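Single-letter residue listing:
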There are 2 protein chains.
Amino acid sequence: MAQKSGLVVGFDLGGTKMISSVMTAGLEVLASHKQKTNAQEGGEAVFARIVETIAASLKKAGVEASQLDGIGIASPGPLDSVKGIILDTPNLGFSNFPLGGRLEKELGVPVVLENDVNAGTYGEFVRGAARGFRHVVGIFPGTGIGGGLILDGKLFRGATGNAGEIGHMIIQTDGPLCGCGQYGCVESLASRTALAKDVAALAGSGDSPCVIAKAGTNLKNYRSSIFAKAIDQGDQQVERVVRRSARFLGVAMANCVNLLSPEIIVLGGGLVDKLGDWYVRIAEKSMRDHTMAHLTEGVKVVQAELGDGAAIIGAVCLAREALKAR
Amino acid sequence: MAQKSGLVVGFDLGGTKMISSVMTAGLEVLASHKQKTNAQEGGEAVFARIVETIAASLKKAGVEASQLDGIGIASPGPLDSVKGIILDTPNLGFSNFPLGGRLEKELGVPVVLENDVNAGTYGEFVRGAARGFRHVVGIFPGTGIGGGLILDGKLFRGATGNAGEIGHMIIQTDGPLCGCGQYGCVESLASRTALAKDVAALAGSGDSPCVIAKAGTNLKNYRSSIFAKAIDQGDQQVERVVRRSARFLGVAMANCVNLLSPEIIVLGGGLVDKLGDWYVRIAEKSMRDHTMAHLTEGVKVVQAELGDGAAIIGAVCLAREALKAR
């Protein structure tokens, strides 16, 4: 292999948008480029757009693909990170898509694929809110609830590479139906989608005039900011629904504490960004109320610091490590 | 330090009985000695009995304490294994008891303390049902439900040393009150104690004549064998209660799979010993029914192989590792 440049592209592949950043060895961003994902156009169109987006970011940075040490991609899972295959992500239009191999062929650069929540948790561990800790649980409530684990100072992937599915932890066996087909997963009780269901019902029955004016009863309009605004405007019904969901999140956090005894839990994602410290503290209190004192005493609960940037930083760092090991 | 003999005492400290085994470097048992714990006599009396039991096993083996490399103790938790302190175990009469230090002073031999379920899981990993795997979850339903984790080929202890509290995973937030003070922990739904509650109620209301003849309605009489015998004799009510508890156990197993993506789950302890493969398969089916297909496909669910011996073997192996690192 040629002399390393230290340059790596970090790529955040989301259901709505994709971002490519060219980063130096010191994790400085030389340039970024962003595009809509438009997954409805299908996997091949999304793939072409990924290639374009990477090329555009390289052009802005004045870097040739051949100068890169590698590309780290943060993608929704499930995926096979060893083989570089996205297994099944309906919201990207991919099914058993060999994204790693296809990109390597197209660009002539080694590609490392990682679950986006794992990458985000790793980014917070390397440069964000979890710097300096060895045992970290990352939980990201948004449309779904993603999770990532740093155990003994390393990203923990388990046997399949897909460990960390905190969102599908069942905390109420007879709870609401979840998108995964189970009942009572924390995602079915505390995600933005779960909140939207409950708040839309309030709005529809006339109990939340502020929400109905903003979002109607169409769940698609329920962005995390809707809940934050309603609460700011004194809507106590919405506040009750959000508090309840934060308490359910706290139960899942408690289960993680009892099982893994982490030092710190990092909460990020859309709901946390919009609802902020108020929300984090409700979840934290519920966690402490639902766990064993000797395990929970020293556990810190903090808000993620890096936002969208976490996944890109994590993808870059994990790509470097994987390429070193290859 | 003198030349190592390879001889280590493995000690299983239980609420009912204690066992001391003198083991060779090849994990052969030279001799064992067993005594009742009689915890009601208080911590000092239990400590004196531990010393006696170790001495008796050494005498049987023809080994002097000074020949030992160390002593590995498997004790109920919570404990501080770094400082060798048993924090709080009402059923042993210990509270903040420096068992490690006291024994080292008494016998002049280094002592390593480990949670009994961790030691049991480690024993199954080294010599039992989980040999050759890297990611192992051990679950031991009995009076309570203990858990132990082997992650990346090592016993995982987390930040406090007390990770693995699978029994207190909340799977039904409005479930029955648990001994830990929470509601709906899997221990409150699937332990022997939980089963005893339900079956005693059946017996009390005349719905389980076979059980009432054997155990009455006093929960203390409900050993795991009572359930097994009732089911063997065709008691369908008891069978329903046991099946339900096994399914709850499967939900906790599913949560472990989603979170940790293990290769194998080892089930042991009193209930599993008495109810056997029939019970294990019900729990396994529930696990597969409650988890994500891509994480659960390859997961094996097996019965522990070493019984009580697992904790002693684990304690000996973990003591060797800890002493090497000291």
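Coordinates for the structure precede this section.
First things first, this report covers the structure right here in the doc. (Residues numbered from 1 in each chain as written. Chains lettered and ligands numbered in written order. Predicted model: local features only at pLDDT ≥ 70, side-chain atom pairs only at ≥ 80, totals over all residues. Heavy atoms only, no water.)

## Some thoughts on the packing of helix H1 (residues 43-61) of chain B against helix H2 (residues 99-107) of chain B
All names here are of chain B.
- Packing of H1 against H2 leaves a shortest axis separation of 11 Å and a crossing angle of 50 degrees. Put simply, H1 runs oblique to H2. When the axes of H1 and H2 are compared, the crossing they make is right-handed. Facing H1, whose interface residues are Glu 44, Phe 47, Ile 50, Val 51 and Ile 54, H2 presents Leu 99, Arg 102, Leu 103, Glu 106 and Leu 107.
- Looking at the contact of H1 with H2 residue by residue, the class counts come to 7 nonpolar, no polar and 3 charged. (Axes fitted to C-alpha atoms, helices over the stretch in contact; angles between N-to-C directions. Helix = DSSP H or I, 4+ residues; strand = E, 2+ residues; numbered from the N terminus. Parallel < 35°, antiparallel > 145°, perpendicular 65-115°, else oblique. Left-handed = near helix turned anticlockwise from the far one by under 90°. Contact = heavy atoms within 4.5 Å. Nonpolar A, V, L, I, M, F, W, Y, C, P; charged D, E, K, R; others polar.)

## Digging into the interface of chain B and chain A
- Facing the 41 residues of chain B at the interface are 41 residues of chain A.
- Interface of chain B and chain A: buried area, both sides summed, is about 3,300 Å²; carbon and sulfur atoms make up 62% of it.
- Taken together, the connections running from chain B to chain A amount to 0 salt bridges.
- Taken together, the connections running from chain B to chain A amount to 23 residue pairs in polar contact (both at pLDDT 80 or more).
- The set of elements that each furnish at least two residues to the side of chain B that touches chain A consists of strand E10 (145-151), helix H8 (236-260) and helix H10 (293-296) of chain B.
- With 7 residues, the top contributor of residues to the side of chain B that touches chain A is H8 of chain B. (Buried area = accessible area lost by both parts, 1.4 Å probe. Salt bridge = Lys/Arg side-chain N within 4 Å of Asp/Glu carboxyl O. Polar contact = N/O pair within 3.5 Å; in protein donor to acceptor, adjacent residues only side chain to side chain.)

## Considerations on the relation of the copies chain B and chain A
- For the pair chain B and chain A, the relating rotation is 180 degrees, the translation along its axis is 0.0 Å, and the fit reaches an RMSD of 0.0 Å. Interpreted geometrically, this transformation is the action of a two-fold axis. (Least-squares fit on C-alpha atoms with pLDDT ≥ 70 in both.)

## Some remarks on helix H7 (residues 224-232) of chain A
Residue and element names in this part refer to chain A.
- Buried within H7 we find Ser 224, Ile 226, Phe 227, Ala 228, Ala 230 and Ile 231.
- Tucked into the core, H7 has its buried residues touching helix H5 (192-204), helix H6 (209-215), helix H8 (236-260) and helix H9 (270-289).
- Backbone geometry just after H7 places Gly 234 at a positive phi near 85 degrees. (Buried < 20%, exposed > 50% of the residue type's maximum accessible area, 1.4 Å probe, protein only.)

## A look at the packing of aromatic side chains
- Following the criterion strictly, the structure yields 8 aromatic pairs over all chains and no others.
- Consider the rings of Tyr 122 of chain B and Phe 125 of chain B, whose centres lie 5.5 Å apart with planes at 55 degrees: the pair is tilted. With a gap of 3 residues between them, Tyr 122 of chain B and Phe 125 of chain B both fall in helix H3 (residues 116-127), about one helical turn apart.
- Residue classification places Tyr 122 of chain B among the buried residues on the basis of a relative accessible area of 5%.
- With a centroid separation of 6.2 Å and an interplanar angle of 35 degrees, the aromatic rings of Tyr 222 of chain B and Phe 227 of chain B are classed as tilted.
- On the basis of relative accessible area, Tyr 222 of chain B is assigned to the buried category, the value being 0%.
- When its relative accessible area of 0% is taken as the criterion, Phe 227 of chain B is described as buried.
- An aromatic cluster is present here, built from Phe 47, Phe 94 and Phe 97 of chain A joined pairwise through their rings.
- Seen from the ring of Phe 47 of chain A, Arg 102 of chain A lies directly overhead, with NZ or CZ sitting 4.3 Å from the centre. (Phe/Tyr/Trp six-rings, centres within 6.5 Å; stacked < 30°, edge-to-face > 60°. Lys NZ or Arg CZ within 6 Å of the ring centre and 35° of its normal.)

Shape is all these values report; function is a separate question.
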